[in-house]
Structures are given as structure tokens and as C-alpha cells.
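# Fold and geometry: a report
Each chain is listed here by its residues.
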Amino acid sequence: MNFKRPRGTADILPEDQPYWSHVYSTARKVADQFGYRRIDTPTFEDTNLFQRGVGDETDIVQKEMYSFEDHGGDGITLRPEGTASVCRAYIENGLHNSPQPVRMFYTAPMFRYERPQAGRFRQHHQFGCEAIGDQSPKVDAEIIELGWKYIADLGIKNVTLRLNSLGDPEGRADYLSDLDKYFRAVAGQLPKLDRARLDRAPLRVLDSKARETQALADAAPKSVDYIKDEAKEHWDELLSLLDNLKEAYPDFSYKVDHRLVRGLDYYNRTVFEYEPLDAGGQGTLLAGGRYDPLIGILGGQETPAIGFGSGIERMILELKKQEAEIAPSAGPDIVVVSLGDAASAGFKLATELRAANVSTILAPSRSMKAQMRFANQQNASNVVIIGDREVENGVASVKNLGEGGHQAEVSLDAASIANHIRPVGNE
RNA sequence: GUGGGCGUAGUGAAGAGGUUAUCACGCUAGGUUGUGGCCCUGGAGACGAGGGUUCAAUUCCCUCCGCUCACCCCA
């Protein structure tokens, strides 16, 4: 009986790692440019944190959490998303005593019990950013800009930004009741699925994929027409800030989409989503919004906040789809090829080279030809060949594996050799 | 949870109701024990599981399992 990885999980093999390091290093670099500092929180948390934070009624909490009781009887859940944990950490560590807003980012695995499909897994990874402690629309714009720059710097093209405002909870009742009224009136034209949705989550009817519904949803009451006062000012200012972004990012554009709603309960006001133009099913690359009520819900003092999460697997899928150029992982500086009795001298030399910070792999004990082939497959820049002849004369043959294949005899010591090697294609 | 598609070496494919299941790439050993990429030769490695039909099934049928895509939902 062979073991298999659990459903919905993936082995990220060495050959795939160049994509992952590209995404991680870009995320880190962009976060850095915006002054977001890394935070790491535990992989598992108190189950109640997510029930309260994400929302008891959401699908995530209802049917997708990996929850269990530990040996001490505590309710534990593998984190299904990042925001609740970051807010918990903000409260628990008294980060409201730091200069506000507190800007933080994370990259971490998330766990949801789902049926896997393209771009969806039971364990997936997210890069997320959160700005906590500032209600200004400038922070909304900043977070949206950060997401834009991240995607652009990754090398992903043809992405659209959609955004919407859900207003504040107090003002939302009117909108929800009008929306409900509207859909009830045309319920006969809705597919069965959407009629069911109308009962449990009227907002979700808006982003239905059914053609019949979409036409009706387009004409439905719009959230942005209902928001007023501060929420309205906030929204208008955000839009004008976003318009300004076009100067710095010529490709930047956004579309207000009143059908954009988000599945997590904690959002208010701004919500947004980045998606490839030709997105199929699981298209969303990055999504987020403002969640001013959340920290209060979790027991902290009312603190405005906004953030986003983005799926790393989905970014990589899109990079591959767009055939983006990714730097391949580098081969070693040196492969040491040793013959017969010189093997121990070869091992010693490899050690000395590494001590001199030259990346060095020892070729396996095979024929000369096989060792050379090995060096080539490792993508090595140089081989150092030592046989009995070299050991006797205290030298080593250093050969560059580029086009010319220049070879020279060098004194058999790490310093001389390190001094003599070149990268491939730069002789 | 619902619905579609698919299960042959590591990967991608071919195959027939009946002796050693084919090909390519990859892996590995060599091509007279000192020079890689190309080329040549050899080797290892597979019919998802269980039942049924049949003299005979990897091939036909059923069930299960797995993978995959879509819906739901979401990154």
C-alpha cells in the first residue's frame, strides 16, 4: 500500500520552486516598498476566533473548517484565512499602542475543506496585507495600489479591478430590503438556485453566474446609491484617489461593479477584487476590503481596518497561463569531478570550496563521462577535475561549461580555484 | 453537497478478447577505466481495486477508489 498526499494538497517540487520564489520575493519587495512589515501567526487558532471573526453563517465556518478537539479538550481550527488571526494578534499584543495605522503582511498556508478544482485546494497559500487603525480612504487607495503593483511586478497582465461599496451596517438595512423587494418581484424569472439564494443571502444573488439572473442583477438597486454621509464621502474620495493612480500607473483602471459582494461577513464600505480579463471559474487573484467592525467583534476597541488576501497558487497558475518569464534556479558554481584514488582529495576540495562560499556539488562516483554529464545536468557553471595526475602535481583542471569550454590548470587549493571560476556565458 | 470527463511505466501517448503489452521523453549502465550538451547500444520500470460475463480479460459489464473539470463557495 502506497501513501498518497491528501486530497486537495500539493507537493511543490524543486522544478516548480522558481515560481514560488518569484512570487514570494515580489510580495516581500512590494510590501516593503509600502512599509508593510511581516507578521506570522499560528497555523491553528481557537475555533471561536473564526466563528466570530469570519462569521458563523458563512460557508467557510459552516462546512469548510478543519476543526478538532485537542488532547486537552480545546477547540482548535486550522486557519482558513488570515485576517482574523492578524486582528487577534493586533488586539492581544496591544498593537493599538504602536503608531497607527499598523501595516502588516503575511504569507501563509490556509486550510479549507473543499472539493478541489482548478485554482482551488484544501491547502493553499496566501499573501495578505492588512492596514489597521486608520479610517481614511487614503489607506483604501493605498491597499488597492499595493495589490495592483504586486500583480504588475509579478508580470501578470490583463487584470481588471472591480470595486464596490457596501456602506456601513447601519445604513445597509434600507438597501437590503429594496434589493429583496426587487428580486422577489422577479423571482419567477430566477433559476432555482438563485431563488434559494434569495432566502438565505440576497446579496449573493447579485453575483450569480446564471445568465438570466445577471441581466436582472444589472438592473437591481445599487449599494452605492444607498450609502450616505460619511460612507458616501469616503467612497467619493476613494474614487478620486484611484483616478489619480492612473498618472503613476498608465495601465491602471477600475470598474465600479455593484454586483461585487464578498462572502465574508466582516466587510463594510470598500470591497474590491482583481481578476484576469478572461477569467473562467476560480478567477479571483486578489480580493479584499474594509472591515471596520471586525476588531470590535473580536473584543478589541473599535478600530478601522482594511486588507486583502491573494492566492499564491492562482498567481502561479496565471503566470504559467501567460507564459511569463521566470528566472530559473541557479546551478552550482562548481561540480567536482574526481577519478579513482583522487576521490578523497575531491571530497576535501569540495568542503574547502564551500567554506569559501563557493557553491559546490560532488559528482557521483561514476565514469568520467557520466560525471561530466552529471555536471551538465546540474546546470553547473564549472567543473573541477582532479585525478591522480593532478593530485601528484598539486593542481586541478578547471573547466567552464559554457560555449567555449575553456579549461586551465590551477593550483589545487580553494582560493585559487574560487578565483578562477566564471559564470557560464561570461568568459 | 451536486453534476460531467478520465484511470496503461516517473511523464506524455499507442494498443488488441488469447504466448515475452508498444513508442517517445526521463532515469540508469556503457560506447575499450581522463572530458559534458548531439549520437549509438543495453537495462530497470505500467494495465487503480474488487466482482461479473467468457474456455480465456489489462481489453466487455457493474461497483468502489482515485484523478480532473464545473456548480455551490472562495484566494
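Just above sits the structure.
Quick summary incoming for the structure in this document. (Residues numbered from 1 in each chain as written. Chains lettered and ligands numbered in written order. Predicted model: local features only at pLDDT ≥ 70, side-chain atom pairs only at ≥ 80, totals over all residues. Heavy atoms only, no water.)

## Notes on the sheet that holds strand S14 (residues 382–386)
Strand order in the open sheet formed by five strands is S13-S12-S14-S15-S16, and the pairing between neighbours is mixed. Both outer strands of the open sheet, strand S13 (360–362) and strand S16 (407–411), are each paired with one neighbouring strand and no more. The average undirected angle you get between the axes of adjacent strands in this sheet is 30°. As defined by bridge partners, strand S15 (residues 395–400) adjoins S16 across five bridges and the pair is classed as antiparallel. (Pairing = 2+ DSSP bridges. Helix = DSSP H or I, 4+ residues; strand = E, 2+ residues; numbered from the N terminus. Axes fitted to C-alpha atoms, helices over the stretch in contact; angles between N-to-C directions.)

## Remarks on the protein's contact with RNA strand B
In the region of RNA strand B, 47 residues are neighbours, and Arg112, Arg120, Arg197, Arg262 and Leu401 sit closest. A breakdown of the atoms of RNA strand B within 4 Å of the protein gives sugar and phosphate a share of 52%. Within the side chain of Arg200, a nitrogen or oxygen atom sits 3.3 Å from a phosphate oxygen of RNA strand B. Taking Glu390, its side chain carries an N or O atom lying 2.6 Å from a base nitrogen of RNA strand B. For the surface near RNA strand B, the secondary structure elements donating two or more residues are strand S6 (123–132), helix H7 (192–200), strand S11 (305–311), helix H14 (368–377) and helix H15 (388–393). Here the surface near RNA strand B takes six residues from H14, the largest share from any one element. Taken together, the residues of the surface near RNA strand B break down into eleven nonpolar, 15 polar and 21 charged. (Near = heavy atom within 4 Å. Polar contact = N/O pair within 3.5 Å; in protein donor to acceptor, adjacent residues only side chain to side chain. Nonpolar A, V, L, I, M, F, W, Y, C, P; charged D, E, K, R; others polar.)

## Let's talk about helix H1 (residues 17–33)
Compared with an ideal rise of 1.5 Å per residue, which puts 17 residues at 24 Å, H1 spans 24 Å between its outermost C-alpha atoms and is within 8% of the ideal. Along H1, the residues that are buried comprise Pro18, Tyr19, Trp20, His22, Val23, Thr26, Ala27, Val30 and Ala31. On its buried face, H1 sits against strand S5 (102–111), S6, helix H5 (137–154) and helix H12 (312–321). Immediately downstream of H1, the backbone of Gly35 shows phi near 80°, a positive value. (Expected span 1.5 Å × (residues − 1). Buried < 20%, exposed > 50% of the residue type's maximum accessible area, 1.4 Å probe, protein only. Contact = heavy atoms within 4.5 Å.)

## Looking at a negative patch on the surface
Judged by side-chain charge, Asp229, Glu230, Glu233 and Glu237 come together as a negatively charged surface patch. Tracing the backbone through its elements, the reader meets Glu230 in helix H10 (residues 229–248). Residue classification places Glu230 among the exposed positions, given a relative accessible area of 58%. (Patch = residues over 30% accessible without salt bridge, like charges linked within 9 Å, V, L, I, M, F, W, Y side chains within 5 Å. Areas by Shrake-Rupley, 256 points an atom, 1.4 Å probe, with all protein chains shown as cover. Salt bridge = Lys/Arg side-chain N within 4 Å of Asp/Glu carboxyl O. Lys, Arg positive; Asp, Glu negative; His and termini not counted. Charge placed at Lys NZ, Arg CZ, Asp CG, Glu CD.)

## Focus on the side chain of Lys149
Inspection of the secondary structure assignment puts Lys149 in helix H5. Taking the relative accessible area as the measure of exposure, Lys149 reaches 18% and is therefore buried. Lys149 has contacts with Val30, Gln33, Phe34 and Tyr249, leaving out every residue within four places of it along the chain.

## A word on the sheet that holds S5
The sheet built from eight strands is open, its strands ordered S1-S5-S6-S11-S10-S9-S7-S8 with mixed pairing. Looking at which strands have only one partner, the edges of the open sheet turn out to be strand S1 (37–38) and strand S8 (255–256). Direction of pairing for S5 relative to S6: antiparallel, over a ladder of ten bridges. From the neighbouring strand, Val102 faces S6, where its bridge partner is Ile132. Set on the sheet, H1 makes contact with S1, S5 and S6; between it and S6 the angle comes to about 5°.

## Details of unusual backbone geometry
Negative phi values dominate among residues other than glycine, just as trans dominates among peptide bonds. Of note, the amide linkage connecting Gln100 to Pro101 takes the cis form, showing an omega dihedral of -5°. Following the sequence through the fold, Pro101 ends up in the loop between helix H4 (83–92) and S5. Of note in this structure, Glu323 is not a glycine but carries a positive phi near 50°. Along the chain, Glu323 falls in the loop between H12 and strand S12 (334–338). In this structure, Asn379 is a non-glycine residue whose phi angle is positive, near 65°. Relative to the elements of secondary structure, Asn379 occurs in the loop between H14 and S14.

## A short note on the pairing of S14
With five of five residues buried, S14 lies mostly within the body of the structure. On S14, burial covers both faces: Asn382, Val384 and Ile386 on one face and Val383 and Ile385 on the other are all buried. The pairing of S12 with S14 spans five bridges and is classified as parallel. If you follow Val335 over to S14, its bridge partner there is Val383. As paired elements, S14 and S15 share four bridges and run antiparallel to each other. Bridge pairing in S15 places Asn382 opposite Asn400.

So far we have only geometry, and geometry alone does not tell us how the molecule works.
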